[in-house]
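Fold and contact review
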Amino acid sequence: MPSPQDADLLLQPQGAVEELSKPGTSTLFAEASEAIRRKFGFECLRPLQDRAIRVALEGRDALVVMPTGGGKSLCFQAPALVQPGLVVVISPLISLMKDQVDGLLANGVPAGMLCSAQTPEERRTVYEELERGGLDLLYVAPERLAMEGFFERLEAFGMVSLAVDEAHCISHWGHDFRPEYRQIGELRARRPELPIQAFTATATPAVQRDICEQLALRDPEVLVGDFDRPNLTYRVKPRRNLNDQVRAVITAHSGEAGIVYCLSRKDVEKLAEALAAAGVRCEPYHAGMTGEHRNRVQDDFQSERIDVVVATVAFGMGIDRTDVRYVVHASLPKGVEQYSQETGRAGRDGLPAECVLLHSGGDYHNWKHLMERSAQEALERGIETATEERDAGLKRLGHVYGYATGALCRHMFLLEYFGQRASDELREKGCGACDVCLGELQRVDDSQQVAQKILSCVVRCEQRYGAGHITDVLRGADTARLRETGHDQLSTHGLLKQKSVSEVRGWIEQLSGHGLLATTGGQYPTLYLTRTGVEVLKGEREIQLFVTHTAKTEGKRKRRAAVSAAAEVGLEADEALFEDLREYRRELARERGVPPYLIFNDRTLALLAALKPSSEVDLLSVKGVGEKKAADLGPLFLERIAAYERSRSK
Ligand code: ADP
Ligand code: ZN
């Protein structure tokens, strides 16, 4: 079976590349492929990388939209290896740049960066190298472009093209607008013939258009990858007992890496504490912690000293750990872009990983409230675009709410959101990797009646009570409170007697999700019917409910990563050796003061554990082992594997 990552990048129909190629490009391309094999140990390019690299070598503009983990960096790194001159990469975050530069240096590629966090000494060294023409790639922060004379210096250093990473930052329709990015457009105006390639993981069609416009791309080749990440299994569950629900996911992935996202700093601290008390080794991470503390947590996670981080969304950009096996969201994210970006941090090695979203109807209202308030404040400060941005924000929120409460295949939903058509096969057979397609959501046969019972109970209770109370009435509870309110006498009392509390609560969530019920804000939110709710109650509109999750319908989980990586190339994994090599990688990483993934990633490790190479030649045939690493790390890993074999044959 081919690796899902290799197969996942479908191309938009466009003219054949060969016809467009300038003379000489194909020789350069062959050289680039060879360099990729030698330096990075990748035998083949993913389809979209192939296209993007050819376009770059032809000196044409491009917009490359590829999901996280799709392999964007290779698209600008590979041309830099074979083209004379300097490729300048604009990147928004220092940590992100640093990771890439370290990674390149580890593979023997001359690269450097310039940013404000460096000492003058460090910057001078980089300038000296540039003067010598010793660098293939230079990473710079966008604000540097505005510095007097900087652009001229880049020209003097032989800049031949510009790669703009995280290009959605240039669009205020994107979710991560950075005004500094607008300066790139000015650069273009000063040197119209400079080829620009823009890269992003998250761009709806509107944002794609905006990027092309803002950067004034000339007849760009727009390459859009398949946003489906088949190795990710998506699940959405109503949030009930958060601590237990999160613990269940962590336990199912014990010994594996995961991230749990919470909305606020307070939520992070509460959950991290509760998990720690339950014996989970984890660390909190949020912007309220000191920089030093945050760096330590990030470092511990990168170096595999800890596997679980409970964090706000401040954690993630620049996390390059490729073996994250699960991402849990403890509440509704702000938009589908964010959700896809945050879950995109799982399974970057292409091996199975799980994304669980826990949410409640109230999450939507909290966000809405927050967005409205901050727009109001911005307006008062005279920011005129605030209304427009709020509306765009609310629209994005509505979409992610639809994702969470709907029951459409999650993979299909995400694909279509990013403007792509799901394949017929996906439509017909389902994805096999989401709660909907795995049949974990069961249809309720008499949905309409159940919905009407709930809605009418809310009306009978005069739309003045919360979900807990409504549930009690419907289940025919015999409590003092029901007797006090006289609600034990209502005609709706006991209408759903056979159902469990969690079932009824779940349906109330679903009705809220479909916009039939809404809740008032405040400390004791109460339920009321919306206009659509009234229509359903009157039988003018249909509604489908799903059986809410119980322990029994908890789906089967995919195989462990090592087993799966080996199976992809028709091998059987030796899980004990895999664990042994992971341990060894951790030791080496600690000794060398680098993150473990820079040694080898999990996929390569799994292949080593399955193939058990015994010579350098064998070693070089393993995906992910280039010449430099074979020379540098080869003997060490060969010895470790041999030692493992000896210990077993005793
Ligand atoms: P992105 O920037 O799109 O999120 P990266 O460039 O970080 O993705 O690449 C994601 C992972 O895929 C990395 O571990 C990288 O080593 C791996 N990778 C990239 N290209 C290839 C390839 N052609 N063959 C095998 N692995 C690849
Ligand atoms: Zn599905």
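All values derive from a computational prediction rather than experimental measurement. (Residues numbered from 1 in each chain as written. Chains lettered and ligands numbered in written order. Predicted model: local features only at pLDDT ≥ 70, side-chain atom pairs only at ≥ 80, totals over all residues. Heavy atoms only, no water.)

Counting secondary structure elements, the protein contains 28 helices and 17 strands. Here the C-alpha atoms of the protein give a radius of gyration of 27 Å, agreeing with the 26 Å that 2.2 N^0.38 yields for 650 residues. Taking the principal axes of its C-alpha atoms as reference, the protein extends roughly 85 × 75 × 50 Å. Here the protein holds 650 residues, and the buried ones make up 54% of them. Within the protein, contacts between residues separated by at least 24 positions form 73% of all contacts whose residues are at least 6 apart in sequence. Summing over all exposed atoms, the protein offers an accessible surface of approximately 28200 Å²; the carbon and sulfur share of this is 49%. The protein carries 83 positive and 94 negative side-chain charges, and their two centres are separated by 4 Å. (Helix = DSSP H or I, 4+ residues; strand = E, 2+ residues; numbered from the N terminus. Rg over C-alpha atoms; globule rule 2.2 N^0.38 Å. Buried < 20%, exposed > 50% of the residue type's maximum accessible area, 1.4 Å probe, protein only. Contact = heavy atoms within 4.5 Å. Areas by Shrake-Rupley, 256 points an atom, 1.4 Å probe, with all protein chains shown as cover. Lys, Arg positive; Asp, Glu negative; His and termini not counted. Charge placed at Lys NZ, Arg CZ, Asp CG, Glu CD.)

Next up on the list: the domain arrangement of the protein. When the domains of the protein are assigned, the result is domain 1 (4-224), domain 2 (232-436), domain 3 (442-548) and domain 4 (560-649). Taking only C-alpha atoms, the centre of domain 1 and the centre of domain 4 are 31 Å apart. The partner domain 4 presents 11 residues to the 15 residues of domain 1 that form the contact. When the two sides are added together, the surface that domain 1 and domain 4 hide from each other amounts to roughly 970 Å², 50% of it contributed by carbon and sulfur. (Domains from an automatic or database assignment. Buried area = accessible area lost by both parts, 1.4 Å probe.)

Right, let's get into the coordination of the zinc ion (ligand 2). Coordination of the zinc ion (ligand 2) by the protein involves Cys409 (SG), Cys431 (SG), Cys434 (SG) and Cys437 (SG), with metal-donor separations of 2.2 to 2.4 Å. Taken together, the four donor atoms surrounding the zinc ion (ligand 2) define angles of 103 to 120° at the centre, an arrangement classified as tetrahedral. Judged by relative accessible area, which is 0%, Cys434 ranks as buried. (Donors = N, O, S within 2.8 Å, 3.2 Å for Na, K, Ca; no water. Tetrahedral: all angles 85-135°; square planar, octahedral: opposite > 155°, others 65-115°.)

Packing of helix α16 (residues 386-405) against helix α17 (residues 410-417) leaves a shortest axis separation of 10 Å and a crossing angle of 160°. The angle between the axes of α16 and α17 places the two elements in the roughly antiparallel class. The chirality of how α16 crosses α17 is right-handed. Across from Arg396, His399, Gly402, Tyr403 and Ala404 in α16, the residues of α17 making contact are Arg410, Phe413, Leu414 and Tyr417. Split by residue class, the contact of α16 with α17 holds five nonpolar, two polar and two charged. (Axes fitted to C-alpha atoms, helices over the stretch in contact; angles between N-to-C directions. Parallel < 35°, antiparallel > 145°, perpendicular 65-115°, else oblique. Left-handed = near helix turned anticlockwise from the far one by under 90°. Nonpolar A, V, L, I, M, F, W, Y, C, P; charged D, E, K, R; others polar.)

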